[in-house]
Amino acid sequence: MIRLIITAIYVFLAVILCLPYHLYVWILSKKDRYKSWYKSWRIARGFFKSVLWLAGTKIEVSGLEKLSEVPDDKGVLFIGNHRSYFDILVLQTIVDRPLGFIAKKEFKKVPVFSWWVADIGSLFLDRKNIRAGLETINQGTEYMKQGLSLGLYPEGTRNHEDKMLPFKTGGYRMAEKSGCPMILVAMTGTDDIFENNKPAALRRAKVKVIFDKAVYPSDLEGKERKEFYASIPDRLQDMMDNNK
């Protein structure tokens, strides 16, 4: 419980004290959107590393060299399983390029914190509104064309079971239409940091992360692309099972 209290105080103070920087990157975004993403990502990455350190999290990564095969100025759509809020923190600290996320629209209502989520290029998806959802996908496509990478969790919500939930595949089109690659990322152990602990507490945990090779959906023929999309849940499941 003490670890949770210390981390919560740190998060609160950091978010409040960095408000002037938020104003700076907001103004910068009007002139150079990519530069504003980059600067926001740098500060968010350092912040997330601090939070993971306070939580006592150890991270073991494999396959990261596959990301180096993608040009630094090209966006990547990371497709992952979703076990914890900490999935986002872990991925941010590992990926060495500006990275936003496709988040639930509910996060947009969180005061102050949602501003930082948007600063790094994240988009808020309304899964119940088809038109709004398509607009978000189109905006994400444009962001990726400008070089921003995005994290997508097709399960749609956190899942603590061994088997994944059914996937929502509409977001795949962001990679397909932007000409950017998709990289599958499987994580295990992130929910041991917080969600699996009752009463609520942060505990030391070991997180394992594995990256698959980059695949460019735009380079695949129609049938081959559909088969690849259909194989993603099984691919991620195998990666998770082999990553325990």
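For the structure, see preceding data.
Criteria and cut-off values
Residues numbered from 1 in each chain as written. Predicted model: local features only at pLDDT ≥ 70, side-chain atom pairs only at ≥ 80, totals over all residues. Heavy atoms only, no water. Salt bridge = Lys/Arg side-chain N within 4 Å of Asp/Glu carboxyl O. Helix = DSSP H or I, 4+ residues; strand = E, 2+ residues; numbered from the N terminus. Buried < 20%, exposed > 50% of the residue type's maximum accessible area, 1.4 Å probe, protein only. Phe/Tyr/Trp six-rings, centres within 6.5 Å; stacked < 30°, edge-to-face > 60°. Lys NZ or Arg CZ within 6 Å of the ring centre and 35° of its normal. Contact = heavy atoms within 4.5 Å. Pairing = 2+ DSSP bridges. Axes fitted to C-alpha atoms, helices over the stretch in contact; angles between N-to-C directions.

(A) Representation of the pattern of salt bridges within the structure. Enumeration according to the criterion identifies nine salt bridges in this entry. Here Glu60 and Lys206 are joined by a salt bridge, their closest N and O atoms 3.1 Å apart. Of the two residues, Glu60 sits in strand 1 (residues 57-62) while Lys206 sits in strand 7 (residues 205-211), which places them 146 residues apart along the sequence. On the basis of relative accessibility, which here comes to 38%, the residue Glu60 falls in the partly exposed class.

(B) Up close: the packing of aromatic side chains. Following the criterion strictly, the structure yields eleven aromatic pairs and no others. Between Phe78 and Phe211, the aromatic rings sit 6.3 Å apart at their centres with planes inclined by 80°, giving edge-to-face as the arrangement. Of this pair, Phe78 sits in strand 2 (residues 77-80) while Phe211 sits in strand 7, and the two are 133 residues apart along the sequence. One exposure class covers both Phe78 and Phe211, and it is buried. Between Phe101 and Tyr153, the ring centres sit 6.4 Å apart and the planes meet at 5°, which makes this aromatic pair stacked. Of this pair, Phe101 sits in strand 3 (residues 99-104) while Tyr153 is found in the loop between strand 5 (149-152) and helix 7 (173-178), placing the two residues 52 residues apart along the sequence. We note that Phe101, like Tyr153, is buried. One aromatic cluster is present, formed by Tyr10, Phe47 and Phe48 through successive ring pairs. Between the NZ or CZ atom of Arg158 and the centre of the ring of Tyr85, over which it lies, the distance is 3.9 Å.

(C) Representation of the side chain of Ser40. Along the polypeptide, Ser40 turns up in helix 3 (residues 33-55). Relative accessible area serves as the criterion here: at 0%, Ser40 is assigned to the buried category. Residues in contact with Ser40, not counting those within four places in the same chain, are Val25, Asp119 and Ile120.

(D) Just the sheet that holds strand 1, in detail. Spatial ordering of the open sheet is given by 1-7-6-2-5-3-4, a layout of seven strands whose pairing is mixed. At either margin of the open sheet sits one strand with a lone partner, and together these are strand 1 and strand 4 (123-125). Averaged over all pairs of adjacent strands, the angle between their axes in this sheet comes to 25°, without regard to strand direction.

Honestly, it's all geometry; don't read function into it.
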